[in-house]
Structure formats: structure tokens, C-alpha cells
Amino acid sequence: MKNKKISGAEAVVHSLLNEDVDLIWGYPGGAIMPVYDELYEFQDKLKHILARHEQGAIHAAQGYARSSGRVGVAIATSGPGATNLVTGIADAQIDSTPIVCITGQVSSHLLGSDAFQETDIIGISMPVTKWNYQITKASEIPEVFAKAFYIAKSGRPGPVLIDITKDAQFELFDYKYSKCKGIRSYNPLPTISNSSIDNAVELINNAKNPFIVWGQGVILGNAEKEFKDFVEKSGIPAAWTILGLSALPTSHELNVGMVGMHGNYGPNILTNKCDLLIAIGMRFDDRVTGDPKSYASQAKIIHLDIDPAEINKNIKVDVPVIGDCKESLKLITNKIQKKSYDKWISRFDDLMKIEFEKVINSDLNPKKDGITMGESIIAINEFTNGDAIIVTDVGQHQMVACRYANFIKSKSNITSGGLGTMGFALPAAMGAKMGALNREVVAVIGDGGYQMTIQELGTIFQQQIPVKIVVLNNDFLGMVRQWQQLFFDKRYASTEMVNPDFVAIAKGYYLDSERVKDRKNLKPAVERMIKSKKPFVLEICVEKENNVFPMIPSGASVSDVRLN
């Protein structure tokens, strides 16, 4: 469309269409009503899904972005509508999720007057957005939207917020749209240094006991093939952070498990035994490193990352390789020697045997009558064959799902990593399903987080989104209770929950639902859920006071990982 005089509201819709957006999540209100009026006219081209809460809308946009690899879009009104997006924006910022948020705002002549539902969302969101901008003139819309989508998805992805005053939505102007191809002073793809590649190759070729830790950067960079090629040619054992999970199939012979607070025993212990640590697309989060002073202090460290700000931020490294890992991995793989490290890998195997004996066996083959979270995840594996997208909330169930879920495809593990947002999974799962309609999507949620966004069952019912919802109910805020048991003398302060009838609530939303209490009924119920073509809620009543191990106490060294 060129040189046609249209309203700012219509320009918003055309700009979304010009960025190939076909689905948005939101909740209408007074300050964004002109845009919603235009959305009504474009229902055949741009689907809008009405969430039951703005937090549900933005988490759904995150889930959509994570499963599809596209930019998620959420829209809300001013004041509380905008502030209800902030948790999801902060979550997207720390987990590098590309989303564009659109908020309505009071008319420009009312800005700063404390008008009804006026809130300075630009000021509030500035610390947790990659970029934000307030539009007060309709003529700004095309350029701002083009920049917003470019910034959100380029380089290290992240959330962008556009705030539009109501008068700008009504104002008429000559609309012309051009996609953004670059912004002065913004360099999303740093040039890869040849010397850094050569230095990395030298360290890799000379290492005796090298170790790879990879994160979500591999997935965000669409570098799964390049990463797999690097792992297989180098022969180096590789472990993942929770956001990196699924970039390499869990069954791969060089995939040695998860690092971090509830990661596998071997990868944590041997982090402090390797002579070379190769970190790829991860940010050395404190849940991964534990005490940073003792983290891999004996090793040389290579760090591949697209964001220069992450280099030496938490852990000092010897060779930084700044740039797109899809390219840097290819350059390194071409130059390294093909090797194998059988004796070194056998040490991971030996430690896994210890973990199996002391932790995994009781998780998956319990002698107690009660169902465990671990065997619940294994039942899901059995009927999805590792091909499903698993969306988790935050807590014990999240760690158990990450430990025991099987994945054969990338973009299959969706969770709130850095912010740890309870209430994330249910709306994120419906977003993930809409972003990958050809894949099974299973939400695994604790009873606490489930109730934070349980109203989104209404969205699932209205839209008939065929997502499968598993509620692992232990009548506790389980992770907090575990800490209270281990570190606060079992003083269970405000963690025991008196829960409602989750099956009755699901049926109140006209959704198929079951409750499982006995082990003999677990697999048949999971099978019925997976085979269903409709939305399905399965409540599994699990052991109340099971703990998740291994565990690294907060602030301890990764070598201090506990098995009980």
C-alpha cells in the first residue's frame, strides 16, 4: 500500500501485516479501542486471540515465538492493561524472546495529567525492553513498527514495546511502509575475529579433557546443525542449560545431561575437572555456575556469544568468540582435528551410574505407593516418543521435566528460565501450540503456578486450542518447601496449599479432564490425553514431600552437588 491516507489505527494493522504477522494475543480497552476497531475489519488476514488476562496474552506471545521462531505480538490498553504485560516483558528480556508489545495510551494532550488509566509504561518498561518508543503522531507508525520488528528479532532477540496515544490512532496521514534493514549505531551481528577463531581452535586441538556447555543461543541462532557437526567432529562431551535443552537430541551419545543447580551429577562435578570449557550461547547464569570463584577455575575457557556484553560479565574467559554462532561454529569446525575422548567420557558414565543408583532409580521406580513426578514425565515420553513440545512452569516439576523429558527436535523445551515466572506455562503452552499446530504440545505445571493463570482455560476453550495440560499436584509450593526442609529446619511457612477441585474447574470450562491418584491408572490416563484431539486437563496427584536431586545449594561450588 502506498500513499493512501489512513488512520493511525489502520496503519498499525497494515504495519503488522507488512511484517508478516498473522496472529496476535491481547485484551481490548478504551485507549487501544481504535486499533481493535480496525482489527475487526481484518479478521480474515490477522487473527486476534482474546486472552483472559494481559499476562496470559504476553506469555502466549512468548510461547508462540519460542515454538515458531517468529516474533510474537501482544496488545493491551493503557494503565493496568499495559502494566499487566510487564512480567512477561521482563521474562522475555532475560530469556531473549523476540516479542513486540503494543499498548494504547491516553491522548497526547493528557500525558502527565494523571488521566484515567494513564501510566508511564515507557518509563516502567525501559529497564526490561530491548527498545521502547511512545508514538504521539500517526506519521511515526510505519518507521517505528519497522524498527521494532527489526530490533526484536535481530542479533540477540528481545522484547520491544510501542506505546501509541489515542489521538495518534485517530489521526489521518499518508501511509507508506518499508521494512527496516539496519539502524545506525546498532550492530546486531558483530564481525567474527579470525584471530579468535584460531585461538579457539588451538585450545581445542590441544585439550586433553574438554567439555562443552551450550545454551539457548544455539537455538536462537538456528545453529543446531552447525552445533551437532562441531560436537561430532570434536568428540567432546556436551551438556546443556535448561534453555539450551533440545538443540541436540537427548539420546545423542555425546549429550551428557544438564548443568546447574538441579543438573546431572557428572556434568556438574566434571566442570571443575575439565582442562577446557567451551561455552556456546549461554550466559554463565548463577544457577549454572554456583560460586563463580570456584567455577572451572582450573580450565581455559572459550565463550561463543553474539552479545559482547556477556563476555567476562560473570566468568572471566580466555578466548571470546563474539558473533553469530551459526557462523563461528562452522569456522571452528572446519579447522579442528577430529578426535575422541573415550576415557574422559567414561568418567561422565561412571558418575551417571552413581546418580542412577542414588537418585534416578527411586525417581522412576519408586517403592512408595505415591506417584512421583519423574515417572509422570516418563509416561509422557512413552506416548509422545520425544516428539512433543514440553512447556513447563517454575518449580520442582520444571526441574524434573527438564531432567527426564526426551526430545528429538529443537524448539521442544519451552520454560521460564532466567526470571522463573510462575504462571508462565499454561498461556505459553497455548501460544506454543498456535505456533506449531502440527506438533503435540504438553504443558507440565505445578499446582501453585497453575492457579496463577488458570483463567486462560477460558481462552483454550473458546479457541479450542488442542493443548494437553498436566497438573502435577503435591498440595505444596514444592520447590520452596524443599528449601524449607533442607535449610530452614522444616519450617513450612506458607507453602502448603489447600487446592480446589481442578477437574471440576476444567469441566466448568467444558474441557475434558481426569484425575489420577493410583499408579495403575497413570499410563492409561496419559495415553487417553495424548490420543485426544481436543484440549485435555490431566491432574496427577504426586508424592507431597519428594525432593529434586541432585542439588547445588545456593552459592556453593558446582563440586558441592548433593545427591540427597
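Residues numbered from 1 in each chain as written. Predicted model: local features only at pLDDT ≥ 70, side-chain atom pairs only at ≥ 80, totals over all residues. Heavy atoms only, no water.

1. Some words on the overall build of the chain
Link 1 in the chain: When its secondary structure is counted, the chain shows 23 helices and 20 strands.
Link 2 in the chain: Computed over C-alpha atoms, the radius of gyration of the chain comes to 24 Å, within 12% of the 24 Å expected from 2.2 N^0.38 for 564 residues, which places it in the range of a compact globule.
Link 3 in the chain: Classification of the 564 residues of the chain by burial places 59% in the buried group.
Link 4 in the chain: Intrachain contacts of the chain at a sequence separation of at least 6 include 77% that bridge at least 24 residues. (Helix = DSSP H or I, 4+ residues; strand = E, 2+ residues; numbered from the N terminus. Rg over C-alpha atoms; globule rule 2.2 N^0.38 Å. Buried < 20%, exposed > 50% of the residue type's maximum accessible area, 1.4 Å probe, protein only. Contact = heavy atoms within 4.5 Å.)

2. Topic: the packing of helix 11 (residues 224-234) against helix 14 (residues 325-335)
Link 1 in the chain: For the pair helix 11 and helix 14, the least separation of the axes is 9 Å and the interaxial angle reads 25 degrees. Taken as axis vectors, helix 11 and helix 14 run roughly parallel relative to one another. Between helix 11 and helix 14 lies a crossing of left-handed hand. Together, Glu-226, Phe-227, Asp-229, Phe-230 and Lys-233 of helix 11 and Lys-326, Leu-329, Lys-330, Ile-332, Thr-333 and Asn-334 of helix 14 make up the contact between the two elements. (Axes fitted to C-alpha atoms, helices over the stretch in contact; angles between N-to-C directions. Parallel < 35°, antiparallel > 145°, perpendicular 65-115°, else oblique. Left-handed = near helix turned anticlockwise from the far one by under 90°.)

3. Re the packing of helix 3 (residues 54-68) against helix 5 (residues 86-94)
Link 1 in the chain: For the pair helix 3 and helix 5, interaxial distance at closest approach is 8 Å and the crossing angle is 20 degrees. With respect to helix 5, the element helix 3 is oriented roughly parallel. The handedness of the crossing between helix 3 and helix 5 is right-handed. Taken together, the residues of helix 5 that come into contact with helix 3 (itself represented by Gln-55, Ile-58, His-59 and Gln-62) are Thr-87, Gly-88, Ile-89, Asp-91 and Ala-92.
Link 2 in the chain: Here the residues of the contact of helix 3 with helix 5 are counted per class, giving 3 nonpolar, 5 polar and 1 charged. (Nonpolar A, V, L, I, M, F, W, Y, C, P; charged D, E, K, R; others polar.)

4. Observations regarding the sheet that holds strand 15 (residues 389-392)
Link 1 in the chain: Strand order in the open sheet formed by 6 strands is 16-15-17-18-20-19, and the pairing between neighbours is parallel. Each edge of the open sheet is held by one strand with a lone partner, namely strand 16 (413-414) and strand 19 (512-516).
Link 2 in the chain: Pairing geometry for strand 18 (residues 468-473) and strand 20 (residues 536-541), over 6 bridges, is parallel. Considered in strand 20, the bridge of Lys-468 is made with Phe-536. (Pairing = 2+ DSSP bridges.)

5. So, the environment of Gly-266
Link 1 in the chain: Mapped onto the elements of the fold, Gly-266 is located in helix 12 (residues 265-271).
Link 2 in the chain: Expressed as a C-alpha distance, the spacing of Gly-266 and Arg-528, which sit 262 residues apart in the sequence, is 36 Å.
Link 3 in the chain: Every residue in contact with Gly-266, bar those within four places of it in the chain, is listed here: Phe-348, Leu-351 and Glu-355.

6. A closer look at helix 21 (residues 478-487)
Residues that lie three or four places apart on an α-helix share one face, since the helix turns once every 3.6 residues.
Link 1 in the chain: Every buried residue of helix 21 is listed here: Gly-478, Met-479, Arg-481, Gln-482 and Gln-484.
Link 2 in the chain: Where the residues of helix 21 are buried, they touch helix 17 (396-404).
Link 3 in the chain: With its phi angle positive at about 55 degrees, Asp-489 sits one or two positions after the end of helix 21.

7. Some points on the sheet that holds strand 5 (residues 99-105)
Link 1 in the chain: In spatial order, the strands read 3-2-4-5-7-6; together these 6 strands make up an open sheet with parallel pairing. Among the strands making up the open sheet, the edge pair consists of strand 3 (47-50) and strand 6 (131-135). Averaged over neighbouring strand pairs, the angle between their axes works out to 20 degrees when direction is ignored.
Link 2 in the chain: Sheet topology note: the strand 2 (residues 23-26)/strand 4 (residues 72-76) ladder contains 2 bridges and is parallel. If you follow Gly-26 over to strand 4, its bridge partner there is Ile-75.

8. With respect to the packing of aromatic side chains
Link 1 in the chain: Applying the stated criterion across every chain, the model contains 12 aromatic pairs.
Link 2 in the chain: A connected cluster of aromatic rings, assembled from ring pairs, spans Phe-173, Tyr-175 and Tyr-177.
Link 3 in the chain: The ring of Phe-476 carries the charged tip of Arg-481 above its face, separated from the ring centre by 5.8 Å. (Phe/Tyr/Trp six-rings, centres within 6.5 Å; stacked < 30°, edge-to-face > 60°. Lys NZ or Arg CZ within 6 Å of the ring centre and 35° of its normal.)

9. A few points about the nonpolar core
Link 1 in the chain: With 100 residues, the main nonpolar core has Phe-211, Phe-227, Ile-278 and Ile-280 as its most contacted residues.
Link 2 in the chain: Looking at this core element by element, the count peaks at 6 residues for helix 15 (residues 342-364).
Link 3 in the chain: Of the domains in this structure, domain 2 (194-348) and domain 3 (369-541) are the two that each give at least three residues to this core.
Link 4 in the chain: Other than its neighbours up to four places away in sequence, Phe-227 contacts Ile-212, Trp-214, Val-218, Ala-238, Leu-248, Ile-280 and Leu-329. (Core = buried A, V, L, I, M, F, W, Y, C linked by side-chain atoms within 4.5 Å. Domains from an automatic or database assignment.)

10. Overview of the pairing of strand 19
Link 1 in the chain: Relative to strand 20, strand 19 runs parallel, the two sharing 5 bridges. Within strand 20, the position partnered with Val-516 by the bridge is Ile-540.
Link 2 in the chain: Once you follow strand 19 into helix 23 (residues 522-531) and on to strand 20, the crossover reads as right-handed. (Right-handed = clockwise from strand over helix to strand, strands pointing away.)

11. Considerations on the pattern of salt bridges
Link 1 in the chain: Per the stated rule, a full pass over the model turns up 26 salt bridges.
Link 2 in the chain: Taking the shortest distance from any N to any O, the salt bridge between Arg-515 and Asp-501 comes out at 2.6 Å. You can see Arg-515 sitting in strand 19 and its partner Asp-501 sitting in the loop between helix 21 and helix 22 (502-508), a full 14 residues away along the chain.
Link 3 in the chain: Judged by its relative accessible area of 39%, Asp-501 is partly exposed.
Link 4 in the chain: Through salt bridges that share partners, Arg-156, Asp-307, Glu-310 and Lys-313 make up one connected network. (Salt bridge = Lys/Arg side-chain N within 4 Å of Asp/Glu carboxyl O.)

12. Quick notes on the side chain of Ser-532
Link 1 in the chain: In this structure, Ser-532 sits in the loop between helix 23 and strand 20.
Link 2 in the chain: A distance of 3.1 Å separates a polar atom in the side chain of Ser-532 from the backbone nitrogen of Lys-534.
Link 3 in the chain: Apart from the residues within four sequence positions on either side, Ser-532 is in contact with Lys-468 and Asp-512. (Polar contact = N/O pair within 3.5 Å; in protein donor to acceptor, adjacent residues only side chain to side chain.)

13. Some details on the pairing of strand 2
Link 1 in the chain: Of the two faces of strand 2, the one holding Leu-23 and Trp-25 and the one holding Ile-24 and Gly-26 are both buried throughout.
Link 2 in the chain: Taken together, the 4 bridges between strand 2 and strand 3 define a ladder with parallel strand orientation. Bridge assignment links Trp-25 to a residue of strand 3, and that residue is Ile-49.
Link 3 in the chain: Crossover connection from strand 2 via helix 2 (residues 33-41) to parallel strand 3: handedness right-handed.

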